Amino acid sequence: MKYHTFLMAWFLCSTACAADLAVQPVRLRLSEKQNRSVLTVTNRSSEATSIQVDTFSWFDEKGENRQVPSNDLIVNPPMFTLGPYGTQTIRVGMRNPVKNEKEIAYRILLRQIPSSSTIDQQIKNLQFLMQISLPVYIEPPQKNWSIKWNAKHIQANQITLTAQNTGSMHMIVHKINVNPAHTNSTDEALANIEEAMTLLPGQAYQWKIPIRHTTMPVFIHAVTDRGTEKILVEP
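K.L.:
Pulling in residues and values, what's your account of the nonpolar core?
P.N.:
Residues Trp149, Leu161, Ile176, Val178, Trp207, Ile209 and Ile220 are the most contacted members of the largest nonpolar core, which totals 23 residues. For this core, the secondary structure elements donating two or more residues are β13 (147-155), β14 (158-165), β15 (171-180), β16 (191-193), β17 (197-199), β18 (204-210), β19 (218-224) and β20 (227-233). When neighbours within four sequence positions are excluded, Ile209 is seen to be in contact with Asn157, Gln158, Ile159, Leu161, Ile176, Val178, Ala191 and Ile193. Membership of the second largest hydrophobic core comes to 22 residues, among which are Leu39, Val41, Val75 and Val136.

K.L.:
Please provide a residue-by-residue account of the pairing of strand β7 (residues 64-69), values included.
P.N.:
Inspection of the sheet shows strand β6 (residues 49-61) paired to β7 by six bridges, in the antiparallel sense. Considered in β7, the bridge of Ser57 is made with Val68. What sits between β6 and β7 in their antiparallel hairpin is a turn of two residues, with Lys62 showing a positive phi close to 55°.

K.L.:
So what about unusual backbone geometry? Which residues, and what values?
P.N.:
Look at the link from Gln24 to Pro25: it is a cis peptide, with omega at -10°. For Pro25, the position within the fold is in the loop between β3 (21-24) and β4 (28-31). Backbone torsion omega between Asn76 and Pro77 reads 5°, so that peptide bond is classified as cis. Mapped onto the elements, Pro77 comes out in the loop between β8 (73-76) and β9 (79-82). Residue Tyr85 is not a glycine yet carries a positive backbone phi of 60°.

K.L.:
Run through the environment of Pro25, naming residues and quoting values.
P.N.:
A relative accessible area of 31% places Pro25 in the partly exposed class. Separated by 16 residues in the primary sequence, Pro25 and Val41 have C-alpha atoms spaced 9.3 Å apart.

K.L.:
Please give an account of the sheet that holds β14 that cites residues and values.
P.N.:
One key point about sheets: their strands pair by backbone hydrogen bonds, in either a parallel or an antiparallel sense. The three strands are arranged β13-β14-β18 in an open sheet whose pairing can be described as antiparallel. At either end of the open sheet lies a strand with only one pairing partner, and these are β13 and β18. Taking the axes of each pair of neighbouring strands and ignoring which way they run, one obtains an average angle of 15° across the sheet.

K.L.:
Before we move on, could you go through the pattern of salt bridges and cite the residues and values that matter?
P.N.:
Oppositely charged side chains may form a pair once their charged atoms are brought near each other. Enumeration over the complete set of coordinates arrives at five salt bridges. The closest approach of N and O atoms between Glu61 and Arg66, which form a salt bridge, is 2.5 Å. The class for Arg66 is partly exposed, based on a relative accessible area of 32%. For Lys143, the salt bridge is made with Glu139, and the minimal N-O distance between the two is 2.8 Å. Judged by relative accessible area, which is 41%, Lys143 ranks as partly exposed. The network of salt bridges with common partners includes Arg29, Glu139 and Lys143.

K.L.:
Outline the confidence of the model for the protein, listing residues and values.
P.N.:
Averaged over every residue, the pLDDT of the protein is 86; the share at 70 or more is 85%. Across residues 1-13 the pLDDT falls below 50, and counting only partners more than four positions away or on other chains, this stretch makes 49 contacts in the model. Note that residues 122-126 has pLDDT below 50 and, in this model, six contacts with residues that lie over four places away or in other chains.

K.L.:
Tell me about the side chain of His221, and name the residues and values.
P.N.:
Tracing the sequence through the fold places His221 in strand β19. A relative accessible area of 16% places His221 in the buried class. Separated by 3.4 Å, the side chains of His221 and Asn179 make a polar contact.

Each value, and the rule that gives it
Residues numbered from 1 in each chain as written. Predicted model: local features only at pLDDT ≥ 70, side-chain atom pairs only at ≥ 80, totals over all residues. Heavy atoms only, no water. Core = buried A, V, L, I, M, F, W, Y, C linked by side-chain atoms within 4.5 Å. Buried < 20%, exposed > 50% of the residue type's maximum accessible area, 1.4 Å probe, protein only. Helix = DSSP H or I, 4+ residues; strand = E, 2+ residues; numbered from the N terminus. Contact = heavy atoms within 4.5 Å. Pairing = 2+ DSSP bridges. Axes fitted to C-alpha atoms, helices over the stretch in contact; angles between N-to-C directions. Salt bridge = Lys/Arg side-chain N within 4 Å of Asp/Glu carboxyl O. pLDDT = per-residue confidence, 0-100. Polar contact = N/O pair within 3.5 Å; in protein donor to acceptor, adjacent residues only side chain to side chain.

So, in C-alpha cells, the structure goes:
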C-alpha cells in the first residue's frame, strides 16, 4: 500500500492539507501549565474516510532526525471515521507531567485507513492514501532561542555552513542566500537554498553550498523564524 506523506514541521499556513483532508492547527504547543490541546480534522470529500492517529517521539541522533513510536502523548480518539464533509475534534495531552529544561518534540501522524473500496479505487485510478505529520512541542518554563553559525569557504565554488541550536527551543531555517560581500543587494545571488530545516535543541546541521566561482569574500544571509543572520565568509 502506497502512502503520500505531507510533513508540516516548517509550514507557516494555518491549515495542514493533504488532498481531501484538512487539519488545524498545523502544530501544537504544550507545557507543564498547559498540558492539553485539540486538533480539528475536516473531510473535504463527498466520501467517508477512516483515520488512524499515532504518536512518535522526535529527536536528533548523531545529526539525523529520528522518529520512534511513543506513548508519552494521549490522543482521543486514536481512530475514527469521518463522514462526507465531516469534522472530528482530537484531544491531545501529556500522559505524565514533565519538568524539562529544553523543549521536547513529538510528531502526530494522521493516516488514512484503506477500505476495500479505497483499494479498488487506488488500483483503478492510481490514487494515494494520505498521511499528515504534525509537530507537538513540550515547552520548558524558560525559553531562549540561539543558533551558533560556522561557515567556511572550502574552495572557489563551495561553502560549508553549519548551524547548531544552542538554545532551549526549536528554530527553523527557512532559506539561505549567498551574496558577494561588496554589495548589499541580494540580486547578485551566488546561491539560494529555499528548503526549510527545523533544528531541535542541541541539534546541528551542515549545508554544503555550491556557488558560482568566486575568490572574493561573501555574505551568507540565513533567514530563520527568529530573524535573519548575516555571516561573513572570507576566501
